[in-house]
Amino acid sequence: MLLEVKTSRWPVSLILGSAFLAAAGNGISLVAFPWLVLQRTGSATEASIVAGAGTLPLLFASLIAGVGVDFLGRRRVAMLADAMSALSVAAIPVLALTLGTGVLNTAVLAGLAALGAFFDPAGMTARLSMLPEAARRAGWTLDHTNSVYEATFNLAYITGPGIGGLLIATLGGINTMWVTAAAFGLSILAMAALRLPGANRPEPDDRPDGVVSGVMEGLRFVWNNRVLRSLGLLELAVTGLYLPMES
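Reference entry: report on the structure contained in this document. Numbering of residues begins from 1 in every chain and follows the order in which that chain's sequence is written. Totals for whole chains, interfaces and linings use all residues, but because this is a predicted model, local features are given only for residues with pLDDT of at least 70 and pairs of side-chain atoms are given and counted only at 80 or more. Computation of side-chain values covers all heavy atoms of the structure but excludes hydrogens and water.

1. As for the environment of Thr 170
We apply this condition: Helix and strand assignments follow DSSP, with helices taken as H or I runs no shorter than four residues and strands as E runs no shorter than two, numbered in order from the N terminus. Identification of polar contacts relies on pairs of N or O atoms within 3.5 Å, with a donor-acceptor requirement for protein atoms, meaning one able to donate a hydrogen and the other able to accept it, and with residues adjacent in sequence counted only if both atoms are side-chain atoms.
By secondary structure assignment, the location of Thr 170 is in helix α8 (residues 142–171). A polar side-chain atom of Thr 170 sits 2.9 Å from the main-chain carbonyl oxygen of Leu 166.

As structure tokens, this is what we get:
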């Protein structure tokens, strides 16, 4: 009986672990990218450009995140998002080792920050969409599962910058990126081990007809639901005020 309970909670544990690692990696990147610019140029303006490059892609990517999940599958999108994030941070020490640190100018760092951030909404959407089935397997209510997920995700995202600061102080900005890439790599392994109905690529009949039609269908669904519409507009306003201060 104990083995059965443990097995039934395995999917939700993998999702929570993956979310924690990905959020921690993003939290570290939030500090590490601007720090590398400050370290090389001393310019707060250029540091803010790189920080902004890591947040502005979220505005567009959030619109197509759900469609991407519907086309490619939840588990695959979560792994792809983490792979792009890992690639964006691992590229920094690789470039430094092969071409020298001089190549890591503001434009290169801004491009890598944008690359890593672009797929983050899709990865988050993919993990969230797998929670209901994982909750059913674990015998948890949706409220409980969502609460645990949000607590796990936000704990990692809040502590990530602090961890990033400690890593920069001990390892240096460039070597910190190896640790960040490792966090994303472990998140990918957690998703690779996940076995859950509905996590793979949907059947053709269950996919949207196209990207634009899928986005419009999602927007209409949210707009026609008064609660979702209100929450969406509220979050849009809060995010619009919060992201500039974060950067």
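Still more to cover.
2. Here we look at the packing of aromatic side chains
Threshold: Geometry of aromatic contacts follows a simple scheme: Phe, Tyr and Trp rings, the Trp one being its six-membered ring, pair when their centres are within 6.5 Å, and the pair is stacked under 30 degrees between planes, edge-to-face over 60, tilted otherwise. For every residue, the accessible area (1.4 Å probe, protein chains only) is compared with the maximum for its type, and the residue is labelled buried under 20%, exposed over 50%, or partly exposed between those bounds. In this analysis the charged atom, NZ for Lys or CZ for Arg, is taken to sit over a ring once it is within 6 Å of the ring centre and within 35 degrees of the ring normal.
Overall, the coordinates contain three aromatic pairs when judged by the stated rule. When the centroid spacing of 6.2 Å and the interplanar angle of 5 degrees are considered together, the rings of Phe 153 and Tyr 157 count as stacked. Within this pair, Phe 153 and its partner Tyr 157 are both found in helix α8, separated by four residues, close to a single helical turn. Here Phe 153 falls in the buried class, since its relative accessible area comes to 17%. Accessibility expressed as a relative area gives 24% for Tyr 157, which makes it partly exposed. Aromatic rings pair up to connect Tyr 149, Phe 153 and Tyr 157 into one cluster. The ring centre of Trp 223 lies 5.2 Å from the NZ or CZ of Arg 229, which sits over that ring.

3. Section: empty space enclosed by the protein
Gaps left between atoms are located by rolling a probe of water-molecule size over the structure's atoms. Stated formally: Definitions used for this entry: grid spacing 1 Å over protein atoms alone; cavity, a set of points where a 1.4 Å probe fits but cannot get out; pocket, an open set with protein on both sides within 12 Å along at least 5 of 7 lines; lining residue, one with an atom within 4 Å of a point. Grid points are joined across faces, edges and corners, and a volume is the space filled by probe spheres set on the points. Gly falls in the polar group here, along with every residue not listed as nonpolar (Ala, Val, Leu, Ile, Met, Phe, Trp, Tyr, Cys, Pro) or charged (Asp, Glu, Lys, Arg).
With the rule as written, the count across this model stands at one cavity of 30 Å³ or more. The volume enclosed by the largest cavity comes to roughly 70 Å³. Only α2 (10–41), α5 (74–99) and α7 (120–138) provide two or more residues apiece to the lining of the largest cavity. For the lining of the largest cavity, the leading source of residues is α7, giving four residues. Across the lining of the largest cavity, the residue classes tally to six nonpolar, two polar and three charged.

4. Details of the pattern of salt bridges
Applicable threshold: We count a salt bridge whenever a side-chain nitrogen from Lys or Arg sits within 4 Å of a carboxyl oxygen from Asp or Glu.
Scanning the model with the defined rule gives three salt bridges in all. In this structure, the salt-bridge partner of Asp 82 is Arg 127, at a minimum N-O distance of 3.2 Å. You can see Asp 82 sitting in helix α5 and its partner Arg 127 sitting in helix α7, a full 45 residues away along the chain. The two residues Asp 82 and Arg 127 agree in class, both being buried. Residue Glu 133 pairs with Arg 136 through a salt bridge whose shortest N-O separation is 2.7 Å. Highlighted residues: Glu 133 and Arg 136, both in helix α7, separated by three residues, approximately one helical turn. On the basis of relative accessibility, which here comes to 56%, the residue Arg 136 falls in the exposed class.

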